[in-house]
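A closer look at the structure
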Amino acid sequence: MSITLTQIHLVFSVVSESIDSSRTYCSIMKLKNHQLSRALQTAYSAERAASYAYIGHASSLKDPDEIEAIRRIEQDEWDHRREVLAIMNEYEIPVSRCLEWKYWCIGRAIGLSCHVIGRFMPYFFAGKLESGNVCEYFVMLKQFRSLGITRHDEDLYEMGVREKEHEIHFIEMIKDEPWLRYFEKVFSWGVEASANDIELEDLLGVHRAGAYCKKFRSGIR
Ligand SMILES: [Fe+2]
Ligand SMILES: [Fe+2]
């Protein structure tokens, strides 16, 4: 059986169309949203700062149960860093050396300060920072959705909810401290005030996550 010129042309057309569609797919994989790329880079570096801060926080505590709880939270932050990096790699977003250095310094400084500022303040400021971190992930989820990308929804939603659990843990640890009412007034975080609108007892679920954090302005970190 002989192969005609028409058949050869047909094969080349199919191959050429496949190459074109694969090029289009690759170009879609690059994230065309500078704000979102920067938010991912910042989250990646800030998660390490949080981990270092919690290493210092845990080593400043005496109660074994409190130490264990902080170590679990530290591990959550390492896990988040790994998950954020996986998303960044998908879009070839580089790790920012500048942010890595900046947040390394912040994390180490906070970790060291935990040894000299008593028990209350490390819990208070950790809770305040976690409160802001919650919406960072929900905002990223919504930005991805605005680009038509929903495959990171579950991961970003779970990271946001986990940060909320951290916030609640920290407020629980200091809710009976007399200093809290004064700090809450000055720093706008505490039993009554939060930087996010997530209710752990009444979560909306990933499909309605777009309803969260509408008033949140990124940049707390
Ligand atoms: Fe985290
Ligand atoms: Fe956290």
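All right, on to the overall build of the protein then. Helix and strand content of the protein: 7 helices and 0 strands. Along the protein, helices (α) and strands (β) appear in the sequence α-α-α-α-α-α-α when read from the amino end. Residues counted as buried form 32% of the 221 residues belonging to the protein. Long-range pairs, those at least 24 residues apart, make up 77% of the contacts in the protein with a sequence separation of at least 6.

Before going further, it helps to spend a moment on the confidence of the model for the protein. When the pLDDT values of the protein are averaged, the result is 89; 85% of them are 70 or greater. In this model residues 14–28 is a low-confidence stretch, pLDDT under 50, and it forms 0 contacts with partners more than four residues away in sequence or in other chains.

On to the packing of helix α2 (residues 34–60) against helix α3 (residues 64–90). Helices that pack against each other are described as a pair by the angle of their axes relative to one another and the distance between those axes. One can describe the packing of α2 onto α3 by two numbers: an axis separation of 8 Å at closest approach and a directional angle of 165°. In terms of their interaxial angle, α2 and α3 are classed as roughly antiparallel. At the point where α2 passes α3, the crossing takes the left-handed sense. Along the lines of polarity and charge, the residues of the contact of α2 with α3 split into 15 nonpolar, 3 polar and 6 charged.

By size, the foremost hydrophobic cluster in this structure holds 36 residues, and its most contacted members are Leu40, Tyr137, Phe138, Met140 and Leu141. Every element with two or more residues in this core is listed here: α2, α3, α4 (97–113), α5 (120–146) and α6 (153–174). The element contributing the most residues to this core is α2, with 12 residues. Among all residues touching Phe138, those that are not within four sequence positions of it are Gly160, Ala209, Tyr212 and Cys213. Within the second largest apolar cluster, 8 residues are counted, among which are Phe124, Ala126, Leu129 and Ile174.

Another point: unusual backbone geometry. Positive phi values are uncommon outside glycine, yet Ser188 reaches one of about 55°. Relative to the helices and strands, Ser188 is located in the segment after α7 (180–187). The class for Ser188 is partly exposed, based on 13 C-beta atoms found within 10 Å.

Another point: α5. Along an α-helix, residues three or four apart share an orientation, since each turn contains 3.6 residues. The end-to-end C-alpha distance of α5, which contains 27 residues, comes to 40 Å, matching closely the 39 Å that a straight helix rising 1.5 Å per residue would cover. Burial of α5 is extensive: 21 of the 27 residues sit out of reach of the surface. At the exit of α5 stands Gly148, carrying a positive phi of roughly 85°.

On to the packing of α5 against α6. Closest axis-to-axis distance for the α5/α6 pair is 8 Å, and the angle between their directions is 160°. With respect to each other, α5 and α6 are oriented roughly antiparallel. Between α5 and α6 lies a crossing of left-handed hand. Here the residues of the contact of α5 with α6 sort into 16 nonpolar, 5 polar and 5 charged.

Our next topic: the environment of Ile171. Relative to the elements of secondary structure, Ile171 occurs in helix α6. C-alpha of Ile171 to C-alpha of Gly127: the two residues are 44 residues apart in sequence and 6.4 Å apart in space.

This part is about the environment of Asp79. With respect to the helices, strands and loops of the structure, Asp79 is situated in helix α3. Spatially, the C-alpha atoms of Asp79 and Arg48 are 9.9 Å apart, while their sequence positions differ by 31 residues.

How each quantity is defined
- Residues numbered from 1 in each chain as written.
- Chains lettered and ligands numbered in written order.
- Predicted model: local features only at pLDDT ≥ 70, side-chain atom pairs only at ≥ 80, totals over all residues.
- Helix = DSSP H or I, 4+ residues; strand = E, 2+ residues; numbered from the N terminus.
- Buried ≥ 20, exposed ≤ 12 C-beta atoms within 10 Å, placed from the backbone.
- Contact = placed C-beta atoms within 7 Å.
- pLDDT = per-residue confidence, 0-100.
- Axes fitted to C-alpha atoms, helices over the stretch in contact; angles between N-to-C directions.
- Parallel < 35°, antiparallel > 145°, perpendicular 65-115°, else oblique.
- Left-handed = near helix turned anticlockwise from the far one by under 90°.
- Nonpolar A, V, L, I, M, F, W, Y, C, P; charged D, E, K, R; others polar.
- Core = buried A, V, L, I, M, F, W, Y, C linked by C-beta atoms within 7 Å.
- Expected span 1.5 Å × (residues − 1).

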